[in-house]
Amino acid sequence: MAVRIAVPTEVLPGEKRVALVPEVVKSLMKTGAEVVVQAGAGLASGFPDALYTAAGAQVLTDRSQLLGNAAIVLKVQPPTAEETAGMKPGTVVVALVNASRNLDSVAKMRDAKVTTFALELLPRITRAQSMDVLSSQATVAGYRCVLIGASLCPKFLPMLTTAAGTIRPAKVLVLGAGVAGLMAIATAKRLGAVVEAYDVRRAAGEQVRSLGAKFLELQINAEGGGGYARELTDEEKKQEAAMLAKALGDADIIVTTAAVPGRKAPILVRKENVAAMRPGTALVDLAAESGGNCELTKPGENVVVGGVTVAGPLNLPGQIPLSASQMYAKNLESFLTLLISKEKGLTTDYSDEILAASLLCKDGVVTHKPTADLLAKGAA
Ligand code: NAD
């Protein structure tokens, strides 16, 4: 029997992405799946209903019918209480749940006995690269940050030689050279800026230099497990602050992307650093959602201090919704190859390493231990 996949319209305010784009619907149909999309689900990201219909999807207006008859529900954001209440027990939900920040939503899914795969839990192994939504969405966020910085900056980014004189290129400083940071560096270089970057992982240096940017180096290598950074010691933090003070004062645009898994974002830019910046400097804090890399960051706001703008944008991938949805949907297509096959339909065998790691809850039990512990603490 065909596996029925439902794609509801995202309802979180400001969320313009959609979980599946028409091109991916077409590929899923070839696996024997049946795709049902809520009317208008793709409009905000630039995909009208007609494109879904042409790709073979059914377009439905009735949300409860859409959710109540689905075997799999694909979402970008975690399901709302109303969405979860509309699903049958055993429905499989695949979404970016951000479980530790959305415990209420997890508790609702647990109680409704739906089976949830949280894409932020995917192991970052080679086989899961094509499903890696954290990487695809961080790529979009890194690009968007530079565009925000460029629009706040009172200068041109490239060097210009004109009849009205020669203009020197702007300086962009990128702190944190992971997936988002590397995309920010590449984007700033394409816009013609002079780019410097810093990361606590020494391995990032080679990648930074290969993009034509200068790498600022401390005499430490804080590489933790799985290619991620570890938290710095207090002594290392002092060295870091001393080295960054000068670079921060010289930059026209600063993009901060530093993160340590499972921890609040490290503070790399303090009030006194902002006070020492030239008026007109723009700092875009990609880490705003996880506490911010700048002491002055206010999530969702632009704070102006002494002529310096500190921007704390939220849901950056949602601001480039067409490309972000295309990448997200491709990641989902790849993930779904583990869940459905033409011959066997929807699998119930979750022993695959990727499925096992990303399974959040099933049959009324939260299977991801750190989330279960957080829920127990809050007694949700
Ligand atoms: P992330 O979002 O956790 O962190 C962003 C960056 O911040 C990282 O490069 C980290 O080193 C840096 N950082 C942390 N503390 C810092 C500090 N005090 N100062 C400066 N920088 C600091 O990481 P991410 O971008 O998701 O991934 C990091 C790395 O993981 C990648 O560069 C890659 O090597 C690896 N990765 C592997 C896979 C895979 O194998 N499938 C997928 C994605 C990422």
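Definitions and limits used
- Residues numbered from 1 in each chain as written.
- Predicted model: local features only at pLDDT ≥ 70, side-chain atom pairs only at ≥ 80, totals over all residues.
- Heavy atoms only, no water.
- Salt bridge = Lys/Arg side-chain N within 4 Å of Asp/Glu carboxyl O.
- Helix = DSSP H or I, 4+ residues; strand = E, 2+ residues; numbered from the N terminus.
- Buried < 20%, exposed > 50% of the residue type's maximum accessible area, 1.4 Å probe, protein only.
- Near = heavy atom within 4 Å.
- Polar contact = N/O pair within 3.5 Å; in protein donor to acceptor, adjacent residues only side chain to side chain.
- Areas by Shrake-Rupley, 256 points an atom, 1.4 Å probe, with all protein chains shown as cover.
- Nonpolar A, V, L, I, M, F, W, Y, C, P; charged D, E, K, R; others polar.
- Pairing = 2+ DSSP bridges.
- 1 Å grid on protein atoms, 1.4 Å probe; cavity = no way out; pocket = protein on both sides within 12 Å on 5 of 7 lines; lining within 4 Å.
- Points joined across faces, edges and corners; volume = space filled by probe spheres on them.
- Phe/Tyr/Trp six-rings, centres within 6.5 Å; stacked < 30°, edge-to-face > 60°.
- Disulfide = S-S within 2.5 Å.
- Contact = heavy atoms within 4.5 Å.

The full count for this structure, using the stated rule, is 23 salt bridges. The partner of Arg202 in a salt bridge is Glu217, with the nearest N and O atoms 3.7 Å apart. Taken together, the positions of Arg202 in the loop between strand E10 (194-198) and helix H8 (203-210) and Glu217 in the loop between strand E11 (214-216) and helix H9 (234-250) put the pair 15 residues apart, joining distant regions of the chain. On the basis of relative accessibility, which here comes to 37%, the residue Arg202 falls in the partly exposed class. The closest approach of N and O atoms between Arg278 and Asp252, which form a salt bridge, is 3.0 Å. Of this pair, Arg278 sits in the loop between helix H10 (271-275) and strand E13 (282-285) while Asp252 sits in the loop between H9 and strand E12 (253-256), and the two are 26 residues apart along the sequence. For Arg278, a relative accessible area of 36% gives the class partly exposed. Classification of Asp252 by relative accessible area gives buried; the value is 7%. Several salt bridges converge on common partners, so that one network encompasses Glu10, Arg63, Lys75, Glu82 and Glu83.

To continue, consider the site of the ligand. Near the ligand you find 23 residues, and of these Arg124, Val179, Asp199, Arg201 and Ala259 are the closest. In this structure, Gly178 approaches the ligand through a main-chain N or O atom, which is 3.2 Å from an oxygen atom. At a separation of 2.6 Å, an oxygen atom of the ligand approaches a polar side-chain atom of Asp199. Here the ligand has 840 Å² of accessible area as a free molecule, and 84% of this is covered by the chains. Considering only residue class, the shell around the ligand consists of twelve nonpolar, six polar and five charged.

It is worth spelling out the sheet that holds strand E19 (residues 365-366) at this point. In spatial order, the strands read E3-E2-E1-E4-E5-E6-E18-E19; together these eight strands make up an open sheet with mixed pairing. The strands lining the two open edges of the sheet, one partner per strand, are strand E3 (58-60) and E19. Here strand E1 (residues 4-7) runs beside strand E4 (residues 72-74); their pairing, made up of two bridges, is parallel. Of the residues in E4, the one forming a bridge with Ile5 is Ile72.

Summarising the element assignment, Glu353 is placed in helix H12 (residues 353-358). For Glu353, a relative accessible area of 45% gives the class partly exposed. Between the C-alpha atoms of Glu353 and Ala128, which are 225 residues apart in sequence, the distance is 9.8 Å.

If a probe as big as a water molecule is rolled over the atoms, it shows which places are left empty. In this structure, the second largest pocket encloses a volume near 160 Å³. Forming the boundary of the second largest pocket are Lys155, Ile167, Arg168, Pro169, Lys171, Val194, Asp250, Asp252 and Arg278. Looking at side-chain class alone, the lining of the second largest pocket contains three nonpolar, no polar and six charged residues.

Time to look at the pairing of strand E6 (residues 115-118). Here E6 shows no split at all, with Thr115 and Phe117 on one side and Thr116 and Ala118 on the other all buried. Bridge count between E6 and strand E18 (residues 359-362): two bridges; the pairing is antiparallel. When the bridges of E18 are listed, Phe117 appears paired with Leu359.

On inspection of all chains with the given rule, the structure shows two aromatic pairs. Seen from their ring centres, Phe117 and Phe335 are 5.6 Å apart, and the 65° between their planes marks the pair as edge-to-face. Of this pair, Phe117 sits in strand E6 while Phe335 is found in helix H11 (residues 321-336), placing the two residues 218 residues apart along the sequence. With respect to class, Phe117 is no different from Phe335; both count as buried. Of the aromatic side chains, those joined through ring pairs into one cluster are Phe117, Phe335 and Tyr350.

Below, the discussion takes up the state of the cysteines. Across all of its chains, the model carries zero disulfides by this definition. Cys153 carries a free sulfur, and the closest cysteine sulfur to it, the one in Cys145, is 14 Å from it. Take Cys153: its relative accessible area is 9%, and that puts it in the buried class.

To continue, consider the side chain of Ser105. Considering the arrangement of structural elements, one finds Ser105 in helix H5 (residues 103-111). When sequence neighbours within four positions are dropped, the list of residues in contact with Ser105 reads Pro78 and Pro79.

For Asn315, which is not glycine, the phi dihedral falls at a positive 45°. Looking at where Asn315 falls in the secondary structure, it is placed in the loop between strand E15 (308-311) and H11. Overall, Asn315 belongs to the buried group, its relative accessible area being 15%. A positive phi angle, close to 50°, is found at Asp363, a residue other than glycine. Look at Asp363 and you get exposed, because its relative accessible area is 52%.

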